[in-house]
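Below, each chain spelled out in residue letters.
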Amino acid sequence: MNMNRHQILVVGLGIISAIVMGTSSTEAQNDFYSLYNRYRFHETGYSARSAAMGGVYSALQDADNGLLGNPAALGFQKSPYISGGFDWRNVGSDITLLNPNDSKEAEAEMWNTKFGGLYPFEWGAVSLLYSYRTDELTSEAASSIVGFMEQNGDLDRHHVGLGAGYNIIDNLAVGYRFGYFDYDFDRTIDVVRPAPFQFDSSSEEFQGHRHQFGVQYMPIEQVVLGLDGYVAFG
């Protein structure tokens, strides 16, 4: 009987999660830029464990999360570590960037390559990470006063992160990470019908830095509590 109750609970939670996630996805499609900007300054890949928990990372202590997640995880690392990876993510919307009243698809493809590593000491570890990312934004042709227009954009971004974690006592660590970002974002609006020509173009450059702080506490081996946050300037 207890087993049946557990099964019913798991199924019920699964149905509720599906409804909530489905509703969130539908609402997110109404505003392309709010959806895309969530990922504009973030890495697009997570570790397998982080992805399984919806992208959370504050309490994870593995080396990958020491490079990208809570910097306090560096305080628990005991071995040198080198990492490299490639990520791809697609973000789409049913609302065009050009005419909200004309239901046309807009999407962004984000390609990210990163390399990094950490080196441990008696008191904790230090890390270095470099990533390069390129985004391609496109929208289907939407009707306007001058004809049917489409929008295209390209973003190239560089990110360098330098972090350190300090193990205060065996089960408590703090960490800090400095991140530098720069990107170039070029965007064009083109008329595709009736006569093709470039309607508008713009270019945006950005340089900024981010300071991330974190703490992790492990009261017992099976339980880890984590908290992290950051301030950014640019």
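Conventions we followed
Residues numbered from 1 in each chain as written. Predicted model: local features only at pLDDT ≥ 70, side-chain atom pairs only at ≥ 80, totals over all residues. Heavy atoms only, no water. Helix = DSSP H or I, 4+ residues; strand = E, 2+ residues; numbered from the N terminus. Buried < 20%, exposed > 50% of the residue type's maximum accessible area, 1.4 Å probe, protein only. Phe/Tyr/Trp six-rings, centres within 6.5 Å; stacked < 30°, edge-to-face > 60°. Lys NZ or Arg CZ within 6 Å of the ring centre and 35° of its normal. 1 Å grid on protein atoms, 1.4 Å probe; cavity = no way out; pocket = protein on both sides within 12 Å on 5 of 7 lines; lining within 4 Å. Points joined across faces, edges and corners; volume = space filled by probe spheres on them. Nonpolar A, V, L, I, M, F, W, Y, C, P; charged D, E, K, R; others polar. Core = buried A, V, L, I, M, F, W, Y, C linked by side-chain atoms within 4.5 Å. Contact = heavy atoms within 4.5 Å. Polar contact = N/O pair within 3.5 Å; in protein donor to acceptor, adjacent residues only side chain to side chain. pLDDT = per-residue confidence, 0-100. Salt bridge = Lys/Arg side-chain N within 4 Å of Asp/Glu carboxyl O. Patch = residues over 30% accessible without salt bridge, like charges linked within 9 Å, V, L, I, M, F, W, Y side chains within 5 Å. Areas by Shrake-Rupley, 256 points an atom, 1.4 Å probe, with all protein chains shown as cover. Lys, Arg positive; Asp, Glu negative; His and termini not counted. Charge placed at Lys NZ, Arg CZ, Asp CG, Glu CD.

Caption draft 1: Quick peek at the overall build of the chain. When helices and strands are counted, the chain shows four helices and eight strands. In the chain, the order of α-helices and β-strands from amino to carboxyl end is α-α-α-α-β-β-β-β-β-β-β-β. The buried share of the chain, taken over its 234 residues, is 35%.

Caption draft 2: Seen up close, the packing of aromatic side chains. Tallied over the entire structure, the rule returns six aromatic pairs. With centroids separated by 5.9 Å and ring planes inclined at 35 degrees, the aromatic side chains of Phe86 and Trp111 adopt a geometry described as tilted. Residue Phe86 is located in strand 1 (residues 81–93), and its partner Trp111 is located in strand 2 (residues 106–120); the two are separated by 25 residues in the primary sequence. For Phe86, a relative accessible area of 51% puts it in the exposed group. For Trp111, a relative accessible area of 31% gives the class partly exposed. Here the aromatic rings of Tyr176 and Phe213 are separated by 5.3 Å at their centres, their planes lie at 45 degrees, and the arrangement is tilted. Of the two residues, Tyr176 sits in strand 6 (residues 172–193) while Phe213 sits in strand 7 (residues 197–220), which places them 37 residues apart along the sequence. Residue class for Tyr176 comes out partly exposed when judged on its relative accessible area of 31%. Three or more aromatic residues joined by ring pairs make a cluster, and in this case those are Phe86, Trp88 and Trp111. The aromatic ring of Phe148 is capped on one face by Arg193, whose charged end is 4.3 Å from the ring centroid.

Caption draft 3: A look at empty space enclosed by the protein. Applying the stated criterion across every chain yields a total of one cavity of 30 Å³ or more. Approximately 30 Å³ is the volume found for the largest cavity. If you trace the largest cavity, you find it lined by His159, Arg177, Gly179, Arg210 and Gln212. For the lining of the largest cavity, the secondary structure elements donating two or more residues are strand 6 and strand 7. Here the residues of the lining of the largest cavity are counted per class, giving no nonpolar, three polar and two charged.

Caption draft 4: Here's a closer look at the nonpolar core. Formed by Tyr36, Val91, Ala108, Met110, Leu137, Leu155, Phe181, Tyr183, Phe185 and Phe206, the largest nonpolar core amounts to 10 residues. Elements with a minimum of two residues in this core: strand 2 and strand 6. Looking at this core element by element, the count peaks at three residues for strand 6.

Caption draft 5: Spotlight on the environment of Tyr180. As for its placement among the helices and strands, Tyr180 is situated in strand 6. Residues Tyr180 and Ala232, spaced 52 residues apart in sequence, show a C-alpha to C-alpha distance of 9.7 Å. In this structure, Tyr180 is in contact with His158, His159, Val160, Gln207, Gly208 and His209, ignoring residues within four places of it in sequence.

Caption draft 6: Layout of the side chain of Asp135. Inspection of the secondary structure puts Asp135 in strand 3 (residues 124–139). At 3.0 Å, the side chain of Asp135 forms a polar contact with the side chain of Arg133. Setting aside chain neighbours within four positions, we find Asp135 in contact with Tyr36, Glu109, Met110, Trp111, Gly153, Asp154 and Leu155.

Caption draft 7: Structural view of the confidence of the model for the chain. Put simply, the chain has an average pLDDT of 81, and 75% of its residues get 70 or more. Segment residues 17–29 is flagged for pLDDT under 50; beyond a separation of four residues in sequence, or across chains, it makes six contacts in the model.

Caption draft 8: The arrangement of the pattern of salt bridges in detail. Going through the model one piece at a time under the given rule, you end up with two salt bridges. Of the charged contacts, one joins Asp87 and Lys114 as a salt bridge, the two residues approaching to 2.4 Å between their closest N and O atoms. Taken together, the residues Asp87 in strand 1 and Lys114 in strand 2 connect sequence positions 27 residues apart. Each member of the pair, Asp87 as well as Lys114, is classed as buried. When the shortest N-O distance is used, the salt bridge between Asp135 and Arg133 registers 3.0 Å.

Caption draft 9: Quick peek at a negative patch on the surface. Taken together, the side chains of Glu136, Asp154, Asp156, Asp184, Asp186 and Glu205 define an acidic patch exposed on the protein surface. Mapped onto the negative patch, the elements with two or more residues apiece are strand 5 (147–169) and strand 6. Given a relative accessible area of 38%, Glu136 falls into the partly exposed group.

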